[in-house]
Amino acid sequence: MTAVRALPRGDFEVRFLTVAEVAGIMRVSKMTVYRLVHAGELAAMRVGRSYRVPERAVQEYLRHSYMSGAGETA
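Just so you know, these numbers come straight off a predicted model, no measurement behind them.

About the cut-offs
Residues numbered from 1 in each chain as written. Predicted model: local features only at pLDDT ≥ 70, side-chain atom pairs only at ≥ 80, totals over all residues. Heavy atoms only, no water. Phe/Tyr/Trp six-rings, centres within 6.5 Å; stacked < 30°, edge-to-face > 60°. Helix = DSSP H or I, 4+ residues; strand = E, 2+ residues; numbered from the N terminus. Buried < 20%, exposed > 50% of the residue type's maximum accessible area, 1.4 Å probe, protein only. pLDDT = per-residue confidence, 0-100. Pairing = 2+ DSSP bridges. Axes fitted to C-alpha atoms, helices over the stretch in contact; angles between N-to-C directions. Salt bridge = Lys/Arg side-chain N within 4 Å of Asp/Glu carboxyl O.

Where two aromatic rings form a pair, the distance of their centres and the angle of their planes describe that pair. Scanning all chains against the criterion turns up one aromatic pair. Ring geometry for Tyr 34 against Tyr 51: centres 6.2 Å apart, planes inclined by 70°, an arrangement best described as edge-to-face. Here Tyr 34 is found in helix 3 (residues 30–38), whereas its partner Tyr 51 is found in strand 3 (residues 50–54), with 17 residues between them in sequence. The exposure class of Tyr 34 is partly exposed, given its relative accessible area of 28%. For Tyr 51, a relative accessible area of 12% translates into the label buried.

Right under this line is the structure:
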């Protein structure tokens, strides 16, 4: 009989957001989020007929999309 060990939570924990939650965080419409997902600019997975977006993907997208005050991309 083998012992079952719990995995460390921090290494594998992923929080998924709905399209509506992502739209609220980014202050855009749900359609804009769908466009980003379909264009491959925002990582997402399909669950049934809906999409779920990893919270980390939203953070990375926003970090890479940040513009400085002079209109230059970071």
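Per-residue confidence for the chain averages 86 on the pLDDT scale, and 74% of its residues sit at or above 70. Ranking the elements of the chain by mean pLDDT puts helix 1 (residues 9–12) last, at 62, and helix 3 first, at 98.

This part takes up the pairing of strand 3. For strand 1 (residues 16–18) and strand 3, the ladder comprises three bridges, and the chain directions are antiparallel. Looking at the pairing, Leu 17 lines up with Val 53 of strand 3. One ladder, built from three bridges, connects strand 2 (residues 45–47) with strand 3; its direction is antiparallel. Of the residues in strand 3, the one forming a bridge with Arg 46 is Tyr 51. What sits between strand 2 and strand 3 in their antiparallel hairpin is a turn of two residues, with Gly 48 showing a positive phi close to 65°.

The antiparallel open sheet is built from three strands, whose spatial order is 1-3-2. The sheet is open, and its two borders are formed by strand 1 and strand 2, each paired with just one other strand. In this sheet, adjacent strand axes meet at a mean angle of 45° when their direction is disregarded.

Attention now moves to the environment of Leu 62. Mapped onto the elements, Leu 62 comes out in helix 4 (residues 55–65). Taking the C-alpha atoms as reference points, Leu 62 and Leu 42, separated by 20 residues in sequence, lie 9.8 Å from one another.

Time to look at the pattern of salt bridges. The tally for this structure, following the rule as stated, stands at one salt bridge. Between Arg 15 and Glu 55 there is a salt bridge; the shortest N-O distance is 3.1 Å. Here Arg 15 is found in the loop between helix 1 and strand 1, whereas its partner Glu 55 is found in helix 4, with 40 residues between them in sequence. A residue is classified by how much of its surface remains accessible, and Arg 15, at 49% relative accessible area, is partly exposed.

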